[in-house]
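Below, each chain spelled out in residue letters.
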Amino acid sequence: MKRFHRFIPALLGLALITGSLFAQGTTSALTGRVEHQGEGLPGVTVTITSPSLQGERVEITDVNGNFHFPAIPPGEYTVVFTMDGMATVRQTTRVALAGTQRANASMGLSTVAEAITVTATAPAVLETTEIQTNFTNEEVNDLPVNRALQSIVELSPGVTATGPNKNPRAAAPPSLTISGAYAYDSLFLVNGAVTNENMRGQTDSLFIEDAIEETTILTGSISAEYGRFTGGVVSAITKSGGNEFSGSLRDTLTNPSWTSTTPRGEAKAASTLNHTYEATLGGRILRDHLWFFGAGRLFEQDIPGFFTDSTLEMPTTIQADERFEGKLTGQIAKGHTLVGSYLSYEIDQTPHCAFGCWDIGTMDIDGRQVPREMITAQYSGIITNNFLVEAGYSTRDLVFSNSGGNHVTTDFNDPRDVALGSWGYDFTAGGAWGSPIFCGVCDDESRANEYYNLKGTYYLASEATGSHSIVAGYENFAESRFSNNYQSGSNFDLYIWSGITPTRTSDGELRPVFSAGDELLWWPIFTPSQGSDFVTESLFINDKWDFSPNLSFNLGVRYDRNDGTDSAGNPISKDSNFSPRLGAIYDINGDGRYRINASYSRYVSRIQEGIGGNAGGGNPSTFIWQYDGPNIGGPDSGMDAFDVLEEAYRWFLSIGGTGNTSHLVGASIPGLNTVMLGDLKSPNVDEFTVGFGAQVGSNAYFRADLIDRSWGDFYALYTVPNDQVPSPAGDGFLDNQIYGNTNDVERTYQAVQLQAAYRFRPRLNFGGNYTWSQTEGNSDGENAGSGPLTDLAHFYPEYRSFGANSPVGLLLQDQTHKARLWVAYDQPLGGLGNLNISLLQRFDSGTPYSAFTAALPVVDYVNDPGYATPPDSVEYFFSDRGEFRWEDQTATDLALNWTGGAFGLNLFAEAEVFNLFDESAQINGNTSVAVLEPFNPFTETPVEGVHWQKGGNFGNATSVNHYQLPRTYRFSLGLRF
């Protein structure tokens with residue numbers, strides 16, 4: 001995906017206006033005001049130094065006494081204020097990643113040679129309207145928390161693990177949602193590179209835990225410098241070396257047998273000791289001019305799992321995981337810095353299960369490989385005292401190799417041959433049975449992105465208008481995907497919609513059922529992929545305006561333009577949108593201690609690959625036939641999964657196979673009747689916030705923010721009566737299915753996000769946050785398999801025009817209460833080192849679910865207005881949306897960290913207990929509903945027990961994965977220097 005020809009004109013054009021620009025998320029800013037007798041003091045020399053900074057930076061206070069250092073690396077800083085005739089002031093402060101820290105000073109006449117002070121200033125979370133949280137490597141190391149980026153982010157207020165992947169035992173981390181958005185629609189950055197996976201939007205694990213220096217999470221009132229999201233922004237940066245050499249070695253020990261059992265009654269896992277080895281090393285090549293940093297991670301883990309709806313263990317997955325990083329930071333001239341990094345990540349999973357497995361046949365026994373790599377480069381340069389320029393580039397590549405089944409059909413007329421390469425799926429409890437999902441002997445799939453970003457910062461001040469830090473920038477973000485998305489080794493898949501869940505014999509043998517009303521799907525690929533190409537070009541300008549000591553503003557606007565083509569070369573979008581970002585802060589006393597903030601922002605997403613690529617090459621066509629024969633399989637049939645598949649295909653051949661039209665109830669062919677018109681828009685959200693923050697004394701702060709969000713321009717799929725194209729088989733017509741947007745969907749988010757910290761004593765720290773929120777709407781909009789989904793209100797709308805089809809209510813991502821509270825205490829042990837004791841208390845209220853069916857028969861109650869293949873059934877809510885709740889989760893986690901050593905070498909040992917008191921909660925379960933008697937959904941209100949009933953296991957846990965993770969232990973040993 002080489003687009004350098006796009007970069008050159010953009011760079012030259014912008015250079016004529018503002019010079020070149022930068023990469024968000026890798027640097028920070030330090031600002032402040034110097035006063036004498038309460039008045040701003042111009043002409044003060046402000047010098048900053050830090051172990052994170054090569055050399056020093058110097059600024060002079062402006063006519064208002066203000067100063068501003070943009071584009072500095074995060075870290076601990078010493079700030080020195082000097083002026084002839086005035087006593088020198090020196091203070092220390094910490095600057096957080098992607099944040100702005102304030103360091104004010106009051107200078108007096110020079111009555112002594114030097115006055116050294118340490119002045120408490122407002123924490124970074126109070127300095128701007130941005131609602132943000134920051135965690136350093138040291139804080140994460142002390143707390144009992146998984147050190148992966150996703151787990152760090154989940155500590156923040158406004159972030160919930162309520163996305164489609166909610167399996168607490170899954171090898172993949174949970175899907176995170178930020179401030180009520182879809183899980184796929186937040187922006188993740190590591191070293192300034194976009195790490196979002198193309199299809200489902202979660203961050204790829206392109207990091208080494210011990211190498212992460214710090215992480216900042218933005219959940220509201222976000223600057224115009226960030227775009228292509230409607231949720232939040234997560235920015236992490238890895239270590240960069242320094243003038244002094246430092247490094248670490250770590251071995252993290254886990255064991256499946258160290259996890260207690262759940263109320264489901266599964267057998268205790270076998271004992272297998274797993275090691276995760278990590279190493280880091282950083283230092284100087286040339287002092288203050290060239291630093292290096294390197295890191296590695298080697299991990300081979302036995303991951304036990306359980307078959308769907310069972311306490312039976314799956315074969316243990318052996319996951320081999322190798323990660324490497326190299327990074328150079330160089331001062332190529334005074335005030336000009338270049339940073340480059342390379343990170344590779346290779347994973348091998350053997351065997352592998354995709355989206356839940358009912359039996360061993362559905363597991364890919366030969367395993368799959370998923371290599372990826374990321375390259376980043378950033379430049380920053382000081383041109384004049386008030387003008388700084390930055391530029392950045394990154395690229396990320398991911399490949400899926402050997403993923404899926406390897407039985408390619410050789411004879412379609414042999415049902416057994418087709419069956420051996422096909423699979424079935426149960427939509428009542430989830431999970432596949434039969435052969436593995438996807439095709440392991442077809443083309444490898446690749447997903448990539450490329451990112452140019454440019455930024456210029458100009459500082460302007462006057463007595464009349466105050467001080468302005470003006471940032472202007474350009475971005476070019478492009479992502480692509482090459483995939484011939486074969487769904488199985490045979491291109492045939494059997495779906496179960498009836499609500500009859502497979503059963504097991506007394507010895508655990510699976511007994512699926514295929515019954516009348518179920519459907520058989522054929523997913524052939526008629527047009528091979530050429531690779532998709534989605535580009536978003538952006539311009540932004542943002543002014544952080546300090547009008548007076550009491551009043552400051554954030555005034556920004558962003559312009560995003562999409563230019564996308566799908567994998568068949570067809571245009572997808574030429575959409576563009578403006579995003580205003582407007583905020584104000586009123587500082588009650590003018591000293592940064594008590595602040596009231598308010599903002600209005602619009603955030604605009606990018607075109608999602610999971611939607612924009614649906615009509616392109618490499619995507620399977622879909623043909624759906626409804627089964628109307630006798631039950632196949634069942635508990636007493638003696639038929640296993642492949643026996644059921646074989647008989648189902650035998651029936652299919654008896655009615656004419658793919659040439660049958662009498663049982664055909666749906667069909668879509670990408671590019672033929674499933675099309676894009678080239679005008680797809682990016683979804684967006686409007687946000688209003690109001691908040692209050694306070695610094696309490698010199699050791700504590702508190703911030704509270706109210707957030708209100710409302711989404712628009714949802715993805716939708718449209719059909720219109722009598723709008724058809726001839727079937728390529730010459731056996732009839734297919735309804736045109738048009739991808740577009742709609743505002744007939746609702747999605748809103750209201751929240752109160754609270755955060756606070758208190759350093760009670762030098763050795764005792766308290767911190768925490770709480771979120772009350774409500775996420776409502778009438779479309780959940782995503783799932784674990786596909787990521788983003790289209791709304792179906794306009795898809796055969798005549799068959800869905802009743803209130804119970806898509807009622808407004810609580811969405812699956814909703815979580816009313818979330819709290820994280822922690823305390824850390826350091827106990828010196830004399831000559832034996834130091835012991836840190838940390839406790840983390842977690843509370844997550846239960847998420848909602850509904851009495852719902854995806855297959856309510858409606859065809860008999862609608863006078864067909866002129867469709868070729870109208871739906872025979874649609875979605876129906878028998879309860880209010882989100883009427884039921886899973887159980888609340890409460891857990892207490894404990895970490896004991898010992899460090900000790902001499903001569904610059906520190907040994908450490910860490911013991912962690914998650915869910916210390918082994919508390920149990922059911923966090924998921926069965927939601928199957930059966931239709932007993934037909935009813936007219938347009939005119940009748942169904943009666944429970946007459947027209948419908950909840951399944952026998954409705955609301956009950958049917959899998960070990962439906963419970964929160966029970967008590968679990970983890971240990972780490974290593975050294976740091």
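It should be emphasised that the depicted structure is a prediction, and the values quoted were computed from it without experimental measurement.

Chemist: What am I meant to see in the overall build of the protein chain here?
Modeler: The helix and strand tally for the protein chain stands at seven helices and 63 strands. Relative to a compact globule of 977 residues, whose C-alpha radius of gyration would be 30 Å, the protein chain shows 29 Å and is just as compact. Overall, the protein chain is about 100 × 60 × 50 Å in size when its C-alpha atoms are taken along their principal axes. Going through the 977 residues of the protein chain one by one, you find that 59% of them count as buried. Long-range contacts, defined here as pairs at least 24 residues apart, represent 74% of the contacts in the protein chain between residues at least 6 apart. The positive charge centre, built from 59 side chains, and the negative charge centre, built from 110, are 8 Å apart in the protein chain.

Chemist: For this particular structure, what's the right way to read the nonpolar core?
Modeler: Generally speaking, a soluble globular protein has its nonpolar side chains buried in company with each other. The biggest cluster of nonpolar side chains holds 55 residues, and the ones touching the most others in it are Tyr226 and Phe878. In terms of residues, this core owes the most to one element, strand 44 (residues 714-718), which gives three residues. Ranked by size, the runner-up nonpolar core spans 30 residues in total, among them Val140, Leu143, Ile212 and Met374.

Chemist: Got a minute to help me understand the sheet that holds strand 47 (residues 737-742) in this structure?
Modeler: Strands belonging to one sheet form pairs held by backbone hydrogen bonds; the direction of such a pair is parallel or antiparallel. Across the sheet, three strands lie side by side as 41-47-44; this open sheet has mixed pairing. The open sheet is flanked by strand 41 (674-676) and strand 44, the only strands paired with a single partner. Neighbouring strand axes in the sheet, compared pairwise and without regard to direction, differ in orientation by 40 degrees on average. Looking at chain direction, strand 44 and strand 47 are connected through five bridges and run antiparallel. Counterpart to Ala716 in the pairing with strand 47 is Gly740.

Chemist: I would appreciate a short explanation of the state of the cysteines in the present structure.
Modeler: One way to say it: the disulfide is the covalent bond shared by the sulfur atoms of two cysteines. For the structure on display, the rule yields two disulfides. Cys353 shares a disulfide with Cys357; S-S distance 2.1 Å. The S-S bond linking Cys353 to Cys357 shows a torsion near 120 degrees; that makes this disulfide right-handed. Disulfide partner of Cys439: Cys442, at an S-S distance of 2.0 Å.

Chemist: Help me out: how do you make sense of the sheet that holds strand 4 (residues 57-60) in this one?
Modeler: If you walk across this open sheet you meet the four strands as 4-3-6-7, and the pairing is antiparallel. Of all the strands in the sheet, the pair left with one neighbour each is strand 4 and strand 7 (89-95). Direction aside, the axes of adjacent strands within the sheet are offset by 25 degrees on average. As judged from the seven bridges shared by strand 6 (residues 75-82) and strand 7, these two strands associate in the antiparallel manner. The residue of strand 7 that forms the bridge with Glu76 is Arg94.

Chemist: How should the pairing of strand 17 (residues 246-254) be read in this particular structure?
Modeler: A regular strand carries its side chains on alternate faces of the sheet. The buried fraction of strand 17 is high, at seven of nine residues. When strand 17 meets strand 18 (residues 274-286), the two strands line up antiparallel, connected through nine bridges. Paired with Ser248 across the bridge in strand 18 is Thr280. Summarising the sheet, strand 17 and strand 63 (residues 968-976) pair through six bridges and their orientation is antiparallel. Residue pairing in the sheet places Arg250 in a bridge with Gly974 of strand 63.

What counts and how
Starting from 1, residues in each chain are numbered consecutively following that chain's sequence as written. Only residues with pLDDT of 70 or above have their local features reported here, since the model is predicted, and side-chain atom pairs are shown and tallied only from 80 upward, although totals for entire chains, interfaces and linings are computed over all residues. Water and hydrogen atoms play no part in the side-chain values, which are based on all heavy atoms of the structure. For helices the rule is a DSSP run of H or I covering at least 4 residues; for strands it is a run of E covering at least 2, with both sets numbered from the N terminus onward. For a compact globule the rule gives 2.2 Å times the number of residues to the power 0.38, and the radius of gyration it is set against comes from C-alpha atoms. For the exposure calls, accessible area comes from a 1.4 Å probe over protein chains only, and a residue counts as buried if that area is under 20% of its type's maximum, exposed if over 50%, partly exposed in between. Any two residues whose heavy atoms approach within 4.5 Å are treated as being in contact. In this tally, Lys and Arg are treated as positive and Asp and Glu as negative; His is ignored, and so are the chain termini. In plain terms, the charge of a residue is placed at NZ if it is Lys, CZ if Arg, CG if Asp and CD if Glu. In this text, buried Ala, Val, Leu, Ile, Met, Phe, Trp, Tyr and Cys residues form a nonpolar core when linked through side-chain atoms within 4.5 Å. Pairing between two strands is assigned when DSSP locates at least 2 bridges connecting them. Axis definition: a line fitted to C-alpha atoms, over the contacting stretch in the case of helices. Angles run 0 to 180 degrees between N-to-C directions. Any two cysteine sulfur atoms within 2.5 Å of one another count as a disulfide.

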